[in-house]
Each structure stands twice: as structure tokens, then as C-alpha cells.
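# Structure at a glance
So you can see what is in the structure, the chains are spelled out below.
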Amino acid sequence: MAKDMTLLWVTGSPPCWRVMIALEEKNLQGYNQKLLSFDKMEHKSQQVLDINPRGQLPTFKHGDNVINESYAACFYLESQFKSQGTKLIPDGPAEQALMYQRMFEGLTFYEKLNVVIYYSFDWFVPEGERHESALKRNKEALVTELRLWEGYLQKLGSGSYLAGPSFTLADVVVFPTVGTVFRFGLSPERYPKLGEYHNLLKERPSIRASWPPHWLESPKGLDTLKDI
């Protein structure tokens, strides 16, 4: 089954990481994969554009089926391989409702993180177009978002996953964002529940197996978020 799958990805990308975690959780190791480079503009190569005309990563294909949106790919993998590996969508309506809610809130979390991170670099906003007032506003929005997630985890109690006692698709898609905020210097002392959640999941086999390779090579990340 996995031999019919191809994933084109880039290290450190939360959307790519989501799909890789899902593949691991569904015991689909051995898929075809190729690590590409944003710096070399390989996401705009013909190999990618043939599968994903948006020129974005991840680019994922199973047989003749192309699913490039990371959330869609995770749903697809759970649907097609629901009896294999970890069951990622709980049966109980309360836990399922919370899972869906946190999953899609995770998109807002990721967006607010990106606005802060990328505003500081030339990737999205040229230096001459950056304004301290905008950066301050973006950081304040991220603080509000982080406090929301801190409260969600506080309410669930120690040792909980995002939707309750079971690891679900919510964790698959949101953990890469949590991993990224700590990689960029977020203080676990300032956000202890997020820090506890990060520590709970970072040694999970699916997450260890898909940990961004350049993070392993350089364990110390950046300090962009140290004052957040």
C-alpha cells in the first residue's frame, strides 16, 4: 500500500509534518518520498507542478489520487486505512466534536504564528515594508491565541491530548505548530500547559520518526518568540 504513495516535502514545514505523522500513525512506512528545498525553489519545479499546480508542499499522491492539502490528506489516510494503525477519529460524539473544533482552530493558530515568524524575515515582507506597529499587533494576536490553547489544555487536565484521553487527528495536525513555536523560542515557563503537551508528544514514535531532520542536526532553534 505505502509503495503506491509519494510525498514531496520540506523539512520544518508543519503542513508536511502533519501528513508524515498521519502516515506513521497508520503504519504506512515505506512510502516514496523526496526532501526538497524552498531555498532552491524546488517547490516550483516541474516535478511538483505536475502534481500540485500551486507549487506548494506537501505534494501527496496515492496511486492516481492526488491530495495536496495537508488536512485533506490526513482525513483521507484515516478514511482509507481506518482499520490499520491508530484510530484517529474517536467514536464518542463529545470527543469527536472537540477533535473537529480543535483541528480547525489549529489553522488559525498556524496562521497567527506564521504572521509573526515570517514578518521578521524577507521571505514574505521586504525589510522596507515592515513596520514596528504591525509587528507589535501581530505579536499581541499570537499571545491571545497562545493563551486560548493554554486554557484549553488547562481545562482538560494534565496528560490529556487536545480532544481528550485519546491521540486524534487534532493532535496530528496541531502538534507541528506547537513544535514550531517552541523551536522558535517560546518559553515553556510562560506557557506551562503547552510546554507539558509538547513534552507529552515529542517522544511519541510517529513524531520522533518524522521530526524535521534539520532540527535534529541543529537542536538549538531561533529566539524569535522568546519574549512572547
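If you look the protein up in an unreviewed UniProt entry, it shows as Glutathione S-transferase rho from Oreochromis niloticus.

### Some words on the state of the cysteines
Applying the stated criterion across every chain yields a total of 0 disulfides. Lacking any disulfide linkage, Cys16 is separated from the closest cysteine sulfur, that of Cys74, by 11 Å. Look at Cys74 and you get buried, because its relative accessible area is 0%.

### A look at the nonpolar core
With 64 residues, the main nonpolar core has Leu23, Phe60, Leu77 and Val172 as its most contacted residues. For this core, the secondary structure elements donating two or more residues are strand E1 (5–9), helix H1 (14–25), helix H3 (70–80), helix H4 (93–119), helix H5 (132–156), helix H6 (169–183) and helix H7 (192–202). Three or more residues apiece are contributed to this core by two domains, here domain 1 (2–81) and domain 2 (93–217). Leave out the neighbours within four places in its chain, and Phe60 touches Met5, Thr6, Leu7, Val19, Leu23, Asn65, Val66, Ile67, Asn68, Ala73 and Leu77.

### Quick word on the pattern of salt bridges
Counted according to the given criterion, the structure contains 9 salt bridges. In this structure, Glu140 engages Lys136 in a salt bridge whose closest nitrogen and oxygen atoms are separated by 2.6 Å. Taken together, the residues Glu140 and Lys136, both in helix H5 and 4 residues apart, mark about one turn of the helix. With a relative accessible area of 52%, Lys136 lands in the exposed category. Here Glu203 and Arg208 are joined by a salt bridge, their closest N and O atoms 3.9 Å apart. Taking the relative accessible area as the measure of exposure, Arg208 reaches 32% and is therefore partly exposed.

What counts, and where the lines are drawn
- Residues numbered from 1 in each chain as written.
- Predicted model: local features only at pLDDT ≥ 70, side-chain atom pairs only at ≥ 80, totals over all residues.
- Heavy atoms only, no water.
- Disulfide = S-S within 2.5 Å.
- Buried < 20%, exposed > 50% of the residue type's maximum accessible area, 1.4 Å probe, protein only.
- Core = buried A, V, L, I, M, F, W, Y, C linked by side-chain atoms within 4.5 Å.
- Helix = DSSP H or I, 4+ residues; strand = E, 2+ residues; numbered from the N terminus.
- Domains from an automatic or database assignment.
- Contact = heavy atoms within 4.5 Å.
- Salt bridge = Lys/Arg side-chain N within 4 Å of Asp/Glu carboxyl O.

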